[in-house]
Every structure is written in C-alpha cells, then in structure tokens.
Amino acid sequence: MSDEEKRILFQSKTTPEFRFLSNFHLCKIQDVFANTFDSVEHMYQTYKATNREDYDFVYSSKTPAEARTRGQKIKAHANWDEIKDGTMEMCVRFKFVQNAELREMLLATEGFELVEFAPWDKHGSYWGVNKEGKGENKLGKILMAIRDQLLAEKKERDAKEA
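Residues numbered from 1 in each chain as written. Predicted model: local features only at pLDDT ≥ 70, side-chain atom pairs only at ≥ 80, totals over all residues. Heavy atoms only, no water.

S.K.: When you look at the overall build of the protein in this model, what are you seeing that I'm missing?
M.R.: On a plain count of helices and strands, the protein comes out with six helices and four strands. Start at the N end of the protein and walk to the C end: the helices and strands fall as β-β-β-α-α-α-α-α-β-α. Against the 2.2 N^0.38 benchmark of 15 Å for 162 residues, the protein shows a C-alpha radius of gyration of 16 Å, consistent with a compact globule. A principal-axis box enclosing the C-alpha atoms of the protein has dimensions of 50 × 40 × 30 Å. For the protein, restricting intrachain contacts to residue pairs at least 6 apart in sequence, the fraction spanning at least 24 positions comes to 53%. Looking at the protein as shown, the accessible area adds up to about 9400 Å², and 52% of this sits on carbon and sulfur atoms. (Helix = DSSP H or I, 4+ residues; strand = E, 2+ residues; numbered from the N terminus. Rg over C-alpha atoms; globule rule 2.2 N^0.38 Å. Contact = heavy atoms within 4.5 Å. Areas by Shrake-Rupley, 256 points an atom, 1.4 Å probe, with all protein chains shown as cover.)

S.K.: What is the right way to look at unusual backbone geometry in this model?
M.R.: The phi angle at Ala34 is positive, at roughly 70 degrees, despite the residue not being glycine. Of note, Ala34 is situated in the loop between β2 (29–30) and β3 (36–37). Of note in this structure, Asn137 is not a glycine but carries a positive phi near 50 degrees. Exposure remark for Asn137: the relative accessible area of 5% places this residue in the buried category. (Buried < 20%, exposed > 50% of the residue type's maximum accessible area, 1.4 Å probe, protein only.)

S.K.: What exactly am I supposed to notice about the pattern of salt bridges here?
M.R.: A side chain of one charge can pair with a side chain of the opposite charge if their charged atoms are brought near each other. Tallied over the entire structure, the rule returns 11 salt bridges. Across the pair Asp38 and Lys28 runs a salt bridge whose closest N-O atoms are separated by 2.3 Å. Taken together, the positions of Asp38 in the loop between β3 and α1 (40–46) and Lys28 in the loop between β1 (7–10) and β2 put the pair 10 residues apart, joining distant regions of the chain. With relative accessibility at 29%, the residue Asp38 sits in the partly exposed group. Between Asp56 and Arg52 there is a salt bridge whose closest N-O contact spans 3.0 Å. With a gap of four residues between them, Asp56 and Arg52 both fall in helix α2 (residues 52–59), about one helical turn apart. (Salt bridge = Lys/Arg side-chain N within 4 Å of Asp/Glu carboxyl O.)

S.K.: I'm lost on the side chain of Arg147 in this one. Help?
M.R.: Mapped onto the elements of the fold, Arg147 is located in helix α6 (residues 138–161). Excluding its chain neighbours within four sequence positions, the residues that come into contact with Arg147 are Leu106, Leu107, Thr109, Glu110, Gly111, Phe112 and Leu114.

S.K.: Quick question: what am I supposed to make of the nonpolar core here?
M.R.: Side chains of nonpolar character tend, in soluble globular proteins, to be buried together. Grouped together as the largest cluster of nonpolar side chains are 34 residues, with contacts concentrated most on Leu21, Met88, Val92, Phe96, Leu106, Leu114 and Leu143. Broken down by secondary-structure element, the contributors of at least two residues to this core are β1, α1, α2, α4 (80–98), α5 (100–107) and α6. Setting aside its immediate chain neighbours within four residues, Leu143 contacts Phe10, Leu21, Val92, Phe96, Leu106 and Leu114. (Core = buried A, V, L, I, M, F, W, Y, C linked by side-chain atoms within 4.5 Å.)

S.K.: Sorry, what's going on with the packing of aromatic side chains here?
M.R.: Here a ring pair, both rings aromatic, is described through the centre-centre distance and the interplanar angle of the planes. Counted according to the given criterion, the structure contains six aromatic pairs. Ring centres 6.2 Å apart and planes at 65 degrees place the aromatic pair Phe37 and Tyr47 in the edge-to-face group. With Phe37 in strand β3 and Tyr47 in the loop between α1 and α2, this residue pair connects regions lying 10 residues apart in the sequence. For the ring pair Tyr126 and Trp127, a centre distance of 4.9 Å and an interplane angle of 90 degrees mean the geometry is edge-to-face. Relative accessible area serves as the criterion here: at 24%, Tyr126 is assigned to the partly exposed category. (Phe/Tyr/Trp six-rings, centres within 6.5 Å; stacked < 30°, edge-to-face > 60°.)

S.K.: Quick question: what am I supposed to make of the environment of Ile8 here?
M.R.: Counting through the fold element by element, Ile8 comes out in strand β1. Under the relative-accessibility criterion, Ile8 is labelled buried at 5%. Along the primary structure Ile8 and Glu153 are separated by 145 residues, whereas in three dimensions their C-alpha atoms are 23 Å apart. Ignoring sequence-local partners within four residues, the contact set of Ile8 consists of Phe18, Leu21, Thr109, Phe112, Glu113, Leu114 and Val115.

Next comes the structure, spelled out in structure tokens:
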C-alpha cells in the first residue's frame, strides 16, 4: 500500500464516509461547565469569546459554518494564538470521548494519516492542507494523537479483561 493509500483526506463537504472527522460534523458535545454544543466548531469558536455577549452570539449559531463566521467577527482572547491549539485539542477530545459511535469510527482509521483537505485556502493552511498539499495539518495531527491515545487505552482495558 502506497503512502497515498495510507492517507485519509477529509473535509465537511466531500468524502461522506470521513465527514465525521470534520469539526463541522453535527454531534452533541458538552464542556466541563455542562454547556452543550452542536459541533466542535461551535465549541471552539465560542471559546474565543471574551465577554458574555460575544459568547452568546457564537453559541446561538444555527450551523457550524455560522459559528465559524461569527467566531471570526468577535474579539478573541489576547493570547488566542498561544491557546488555540490546546483549545482545539480539548474540543476534539470531548467529541470522541463523549460519542461512542464516533470514537469507534476514529479508531477504525488506525494506520492512516488523517489530513484535513482545505482546497479553498490558496495560501497554505494551519488546520489542514490546501489543494497543493501545503499546510500544517494541525487538526489532522490532533485527531491522530487522540486516536493513538484512545487506542492505547482500549488495548490496556482489553489486556486487563483477558
């Protein structure tokens, strides 16, 4: 199997079988304050807010796309660039820890590189890669790290039960 065949390119609009990896995938997730969000994108964008008005503005978004648009309009925390990766990891982790079906789907990608495909990004991409394959693919790396941790935990539980 070639490296290309060991790679899963995903985004919210194509590859329906891997759409669940996208932050735009609708699923209920809850934070440590018992707030419930409709997607990772809702949670992530809401966490940028520095005041209740902006929080409510983003939180009330009807779709993940609307949450993203609204999140780009509010003033983010002054240190957002320093905390955004950790915030994203937390949001993505909640998604897969709290949703057993999605967790099993993520675990089934074992052995594959996960790459968010963002062809609309002409200048490179932070969270994924553009149509030229350039970008940091931070979301893919977060997904793979969470998958690897969940796989290790599962193998440890299975070994204890054996």
